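Residues per chain, in single letters:
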Amino acid sequence: MTTTVPPEARITGPSPRRLGSPWPLTARQGVGGDLVVGGVSLVELAGRYGTPTYVVDEVDVRTRCRTFRGAFPDVEVAYAGKAFLSRAMATWMAEEGMSLDLCSAGEVGVAESVGFPAERTILHGNAKTVADLEVALSYGVGRIVLDSASEVARVSVLAQRPQRVLIRVIPGVDAHTHPAIATGSEDQKFGLRPGGVREAVRRVLEQPQLVYAGLHCHIGSQVGDPSDFLLAARRVLELARALRDELGVETTDLDLGGGYPVPYVVGDIAFDVAPFADQLRRTVQDTCARLRLPVPRLTIEPGRAIAARAGVTLYRVVSVKRSAGGRTFVAVDGGFGDNPRAEMYGARYTVRSVGRPASSRHEIVTIVGRYCEAGDVLAEDILLPADIHPGDLLAVACTGAYHHSMASSYNLVPRPPVVAVRDETSRLLVRRETDVDMRCRDVGL
Ligand SMILES: Cc1ncc(COP(=O)(O)O)c(C=O)c1O
Ligand SMILES: N[C@@H](CCCC[NH3+])C(=O)O
């Protein structure tokens, strides 16, 4: 059952809709056309770490965490590590009082390696392997979100002590976003429909090692209409009421997932966390009152909204060509390998030149990558100085989420490093892969 949002559920908050900025909070104009992030010149960073390089503004990440935690004081805010996870990032999340949403043995391993408190972690996945589950269980993961009926027995057999579990629900909400990242409607791979949830809860109740804690839903990412979240919350609470009536179970935990949008280009609307938090709180309270349910402990799982705007990717221009069709192609030393989003979702980006004094003449160009894919187009209709030439530096905004974490070494091009900036200092978080890494994975002739 997929429905559109009824008009009364639409966000009617008092704040006017604002335009957002895709650049990090500490980004400042530097001298000679430089851009300074975390007090560090991007021209200097490119010289020191090479290009392409992902730059992360630590203050931006921490500020986003504080904004969410401040707006949702009684709600657990779990950062979705799939957006970008490294040991430093996990440490920042621990320090900021965040919880962590993890989805593989690899992500669990990073959290564990920095001593992230296991009770503040949640394991997700529609096809968790036995290895994922074993690693998470031995770490002591706080909650496991069960995504299929068969997973109930699998987790139960592996658990050595009582394990809290949630069941992932398909709420039947068609989120306003790209179809590849919409996960609230019926015809997709995540979660269970209400009948499947009932069956899974029944099975959980039969397993002495499993503790039914509650329900989870995640309707999609970069969700354009916040009312979709409210509708999903109501749907899941209605299911919680049905579970109480039919099975006598209390849903004490309600995890509503992530999906909060960020602005990638000028003109994108900013998502205002505080008014949304009020709306969500009211929706949950009113729905619980109507259904005569106790208000559950809420969790939300923002990923992109925490990490995206902190990130900038630096590239060098390699060539400039004019096509027969009259377009100017500016080719850079990265592309599809470090940013598959442009091709996968037709994502749009904000790009500027760095370290070039203001130019009086500009040209609209297409920025393309170095990979053997005609679709390796990073950004179209970008205004750059008309005399842009090889060796010039470009910065692409809003690349802190789902860039490093989705990068590949296609064409055996090594993945770029991640460098954090803060208080006029830079620090390598993830090293650049090398040509030796590319050869070392290959074990035979
Ligand atoms: C279960 C779950 N929670 C949270 C997220 C984070 O989503 P976003 O980065 O859009 O906030 C995702 C990814 O879409 C997810 O699958
Ligand atoms: N990879 C997607 C987001 C997926 C979210 C995870 N379920 C993106 O870059 O927009």
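The text that follows walks through the structure, step by step, so that each part is easy to find. (Residues numbered from 1 in each chain as written. Chains lettered and ligands numbered in written order. Predicted model: local features only at pLDDT ≥ 70, side-chain atom pairs only at ≥ 80, totals over all residues. Heavy atoms only, no water.)

## A look at the packing of aromatic side chains
The geometry of an aromatic ring pair is captured by the separation of the ring centres together with the interplanar angle, meaning the angle of the planes.
Working step 1: All told, the structure shown has 11 aromatic pairs when counted by the stated rule.
Working step 2: Seen from their ring centres, Phe336 and Tyr410 are 5.9 Å apart, and the 80 degrees between their planes marks the pair as edge-to-face. With Phe336 in the loop between β14 (328–332) and α11 (341–345) and Tyr410 in the loop between β18 (393–397) and β19 (418–422), this pair connects stretches of sequence that are 74 residues apart.
Working step 3: On the accessibility criterion, Phe336 (19% relative accessible area) is buried.
Working step 4: Owing to a relative accessible area of 30%, Tyr410 belongs among the partly exposed residues under this scheme.
Working step 5: Taking the centre distance of 6.1 Å and the plane angle of 10 degrees together, the rings of Tyr371 and Tyr410 count as stacked. In this pair, Tyr371 sits in the loop between β16 (362–368) and β17 (377–385) while Tyr410 sits in the loop between β18 and β19, placing the two residues 39 residues apart along the sequence.
Working step 6: Three or more aromatic residues link up through ring pairs in this structure, and these residues are Phe68, Phe72, Phe229, Tyr260, Phe271 and Phe276. (Phe/Tyr/Trp six-rings, centres within 6.5 Å; stacked < 30°, edge-to-face > 60°. Helix = DSSP H or I, 4+ residues; strand = E, 2+ residues; numbered from the N terminus. Buried < 20%, exposed > 50% of the residue type's maximum accessible area, 1.4 Å probe, protein only.)

## Points about the nonpolar core
Working step 1: Residues Leu42, Phe72, Tyr79, Met93, Ile167, Leu215 and Ile367 are the most contacted members of the largest nonpolar core, which totals 127 residues.
Working step 2: Of the residues forming this core, the biggest block, 10 residues, is contributed by helix α8 (residues 227–247).
Working step 3: Excluding its chain neighbours within four sequence positions, the residues that come into contact with Leu215 are Leu166, Ile167, Val169, Val197, Val236, Leu239, Ala240, Leu243, Thr251, Asp253, Leu254 and Asp255.
Working step 4: Residues Ala78, Ile122, Leu166 and Ala213 belong to the second largest nonpolar core, which totals five residues. (Core = buried A, V, L, I, M, F, W, Y, C linked by side-chain atoms within 4.5 Å. Contact = heavy atoms within 4.5 Å.)

## Some points on the site of ligand 1
Working step 1: In the vicinity of ligand 1 there are 16 residues, among which His218, Ser221, Glu301, Arg304 and Tyr402 approach most closely.
Working step 2: His218 has a polar side-chain atom sitting 2.7 Å from an oxygen atom of ligand 1.
Working step 3: One nitrogen or oxygen atom from the side chain of Ser221 is found 2.4 Å from an oxygen atom belonging to ligand 1.
Working step 4: In isolation ligand 1 has 390 Å² of accessible area, and contact with the protein removes 92% of it.
Working step 5: Here the shell around ligand 1 is built from residues that sort into three nonpolar, eight polar and five charged. (Near = heavy atom within 4 Å. Polar contact = N/O pair within 3.5 Å; in protein donor to acceptor, adjacent residues only side chain to side chain. Areas by Shrake-Rupley, 256 points an atom, 1.4 Å probe, with all protein chains shown as cover. Nonpolar A, V, L, I, M, F, W, Y, C, P; charged D, E, K, R; others polar.)

Note that all results are geometric; they support no functional claim without further evidence.
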